[in-house]
Amino acid sequence: MQSIFQALEQAFKEAGRVLTAAHIAPDGDAVGSAAALAHIALHFGCETRILLDIGRGGHPVLTLPAPVVSGCAELEGFVPDLVVFADCGDAARAGAEMQPLIKSGGFPGTDGIRPLIVDIDHHAGNPEYGRINLVRPERAATAELVGLFAEYLGLPLSGGLGEAVYLGLVTDTGNFTFSNTTADCLGMAARIVAAGLDVADFTRRADNNWSLARMRLWGKLMNSVTLHAGGAVSCCLVRKEWLDAAGLGSEDLEGFASRLRCLKGVRVGLFIREEAGRKCRVSLRSMSDFDVRRPAALFGGGGHASAAGATLNVGPDEAARILLKELEAELRNQSISRGKAGQRSRRSQQIKIGEC
Ligand code: AMP
Ligand code: MN
Ligand code: MN
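What counts as what
- Residues numbered from 1 in each chain as written.
- Chains lettered and ligands numbered in written order.
- Predicted model: local features only at pLDDT ≥ 70, side-chain atom pairs only at ≥ 80, totals over all residues.
- Heavy atoms only, no water.
- Near = heavy atom within 4 Å.
- Polar contact = N/O pair within 3.5 Å; in protein donor to acceptor, adjacent residues only side chain to side chain.
- Areas by Shrake-Rupley, 256 points an atom, 1.4 Å probe, with all protein chains shown as cover.
- Helix = DSSP H or I, 4+ residues; strand = E, 2+ residues; numbered from the N terminus.
- Donors = N, O, S within 2.8 Å, 3.2 Å for Na, K, Ca; no water.
- Buried < 20%, exposed > 50% of the residue type's maximum accessible area, 1.4 Å probe, protein only.
- Pairing = 2+ DSSP bridges.
- Right-handed = clockwise from strand over helix to strand, strands pointing away.
- Domains from an automatic or database assignment.
- Contact = heavy atoms within 4.5 Å.
- Buried area = accessible area lost by both parts, 1.4 Å probe.
- Expected span 1.5 Å × (residues − 1).
- 1 Å grid on protein atoms, 1.4 Å probe; cavity = no way out; pocket = protein on both sides within 12 Å on 5 of 7 lines; lining within 4 Å.
- Points joined across faces, edges and corners; volume = space filled by probe spheres on them.
- Nonpolar A, V, L, I, M, F, W, Y, C, P; charged D, E, K, R; others polar.
- Axes fitted to C-alpha atoms, helices over the stretch in contact; angles between N-to-C directions.

*Asks:* Explain the site of ligand 1 to me, please; I cannot follow it from the model alone.
*Replies:* Residues in contact with ligand 1 amount to 14 residues; listed here are only the nearest, Arg93, His123, Ser283, Arg285 and Gly302. Contact distances for ligand 1 include 3.3 Å between an oxygen atom and a side-chain N or O atom of Arg281. Protein chains shield 84% of the accessible area of ligand 1, which is 480 Å² for the free molecule. Those elements that provide at least two residues to the shell around ligand 1 are strand S10 (279-286), strand S11 (302-303) and strand S12 (307-312). A total of five residues in the shell around ligand 1 trace back to one element, the largest contributor, which is S12.

Quick look at the structure:
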């Protein structure tokens, strides 16, 4: 990792203008990593922009250290010579606008200006699309890699930089409860706290900020959860009109998919969000005994063994039907579904698919 850090340091030293970016529909690791990288770019004196689709209201937890844009049009002539993608497992995840840049190297809206591309990520299967690639699937969060780079540079993980890294760590480890919670990432969290992060204050800003409408929607969703495959799969879907009627957005659903694992006996949680234009975003969650990457990959998605996602061009009921069928088959295939599996699969055949 040292030689990659050296190359990365050199890239920041030589850059005048830096764009940090992350995957579409950014989660806390994406936002935290892009923000932490912006702090690093500013440390090098670079003019910096952050490409993140987080809406106009800013981020509820982090104060972003540089102007945030949701698309290239908002860059208003700012052409970076260094673009750092964080938490972005492949070109498609970078969004439609960034695909030509990743695939052919020319920055959108320019006459083929070719910035240096860096890929920092922790998704297995990342094709290493950058000129510099720091891809480590064993790391809990991309923010952990960014934190290690900051420490390599001698920057303390304090203030906004520490908060940004911490947001990535807590998001991707489920507050240090998932199987990716390593001693290394806990050690980094400890260093952030030692450098001054107020954990209770951070939690108040990050978690204790729900609207009543959000809590009521979660209640409605929890009421509608269904069980399938003899209780091994829990499923919930949210219709767009429910969100619209409550004035809520997809950020209000962050964390819901993981709650679907809480039910006793459930191995896989399936959460389906209807989006505009007959499209659905699907989230799959398991504990480490069932690999959800495979069913996600069948629909062009990806992610991690215990948290993966995909987008399907069908309505939510159809998405549920297709995925439940696939998950049942996958449960039968993956070896852990042996033991009581015979009993489970017989029962699952009696459960009507599509009641989700
Ligand atoms: P989500 O369910 O959206 O929170 O995503 C869980 C994990 O799967 C994250 O690591 C995402 O980056 C990844 N992921 C989600 N959707 C996709 C997709 N369409 N393609 C590839 N990876 C995805
Ligand atoms: Mn992410
Ligand atoms: Mn991540």
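Now, onward.
*Asks:* Looking at this model, I keep getting lost on the coordination of the manganese ion (ligand 3). Mind explaining?
*Replies:* The textbook angles at a metal center are 109.5 degrees for a tetrahedron of four donors and 90 or 180 degrees for an octahedron of six. Taken together, the protein ligands of the manganese ion (ligand 3) are Asp29 (OD), Asp87 (OD), His122 (NE2) and Asp172 (OD), with distances of 2.1 to 2.3 Å. Positions of the donor residues of the manganese ion (ligand 3), expressed as sequence spacing, correspond to D-x57-D-x34-H-x49-D. Taken as an interatomic distance, the gap from the manganese ion (ligand 3) to the manganese ion (ligand 2) is 3.7 Å; Asp87 donates to each of them. Of this pair, Asp29 sits in helix H2 (residues 28-43) while Asp87 sits in the loop between strand S4 (82-86) and helix H3 (99-104), placing them 58 residues apart in sequence. In this structure, Asp29 and Asp87 share a single accessibility class: buried.

*Asks:* Looking at this structure, I do not really get the sheet that holds S10. What am I missing?
*Replies:* The strands making up a sheet associate through hydrogen bonds between their backbones, and the pairing can be parallel or antiparallel. Taken in spatial order, the six strands make up an open sheet running S7-S8-S9-S10-S12-S11, and their pairing is mixed. The outermost strands of the open sheet, each flanked by one partner alone, are strand S7 (226-228) and S11.

*Asks:* Is there a simple way to think about the pairing of strand S5 (residues 116-121) in this case?
*Replies:* Across a regular strand the side chains alternate sides, sitting on one face of the sheet and then on the other. For S5, the tally of buried residues reaches six of six residues, placing the bulk of the element in the interior. Burial along S5 is two-sided: the residues Leu116, Val118 and Ile120 and Ile117, Asp119 and Asp121 are all buried. Strand direction decides the pairing type here: S4 and S5, joined by five bridges, are parallel. Pairing of Phe85 across the sheet is with Asp119, part of S5. For the segment spanning S4, H3 and S5, crossover handedness is right-handed. As defined by bridge partners, S5 adjoins strand S6 (residues 132-135) across four bridges and the pair is classed as parallel. Following the sheet pairing, Ile120 is matched in S6 by Leu134.

*Asks:* What is the right way to look at the domain arrangement of the protein chain in this model?
*Replies:* Structurally, the protein chain comprises domain 1 (2-206) and domain 2 (212-330). Here the C-alpha centroids of domain 1 and domain 2 sit 26 Å apart. Residue-level contacts link nine residues of domain 1 with nine residues of domain 2. For the pair domain 1 and domain 2, the two sides together bury roughly 640 Å², of which 50% comes from carbon and sulfur.

*Asks:* What am I meant to see in H2 here?
*Replies:* What sets the pattern is the α-helix's 3.6 residues per turn: residues three or four places apart point alike. With 16 residues, H2 should cover 22 Å at 1.5 Å per step; its first-to-last C-alpha distance of 22 Å lies within 8% of that length. Most of H2 is tucked away: 13 of the 16 residues are buried.

*Asks:* How should I be thinking about the layout of surface pockets in this particular structure?
*Replies:* Unfilled space is identified by rolling a water-sized probe across the atoms. Taken as a whole, the second largest pocket spans an internal volume of roughly 260 Å³. Here the residues of the lining of the second largest pocket sort into nine nonpolar, three polar and two charged.

*Asks:* Which parts of the structure should I look at to understand the sheet that holds strand S3 (residues 68-69)?
*Replies:* Pairing within the open sheet is parallel, and its six strands lie in the order S3-S2-S1-S4-S5-S6. Pairing within the sheet leaves two strands with one partner each, and these edge strands are S3 and S6. Against the sheet, helix H1 (residues 2-14) engages strand S1 (17-22), S4, S5 and S6, with an angle of about 130° to S6. Across the sheet, H2 is in contact with S1, strand S2 (47-51), S4 and S5; its angle to S1 comes to roughly 170°.

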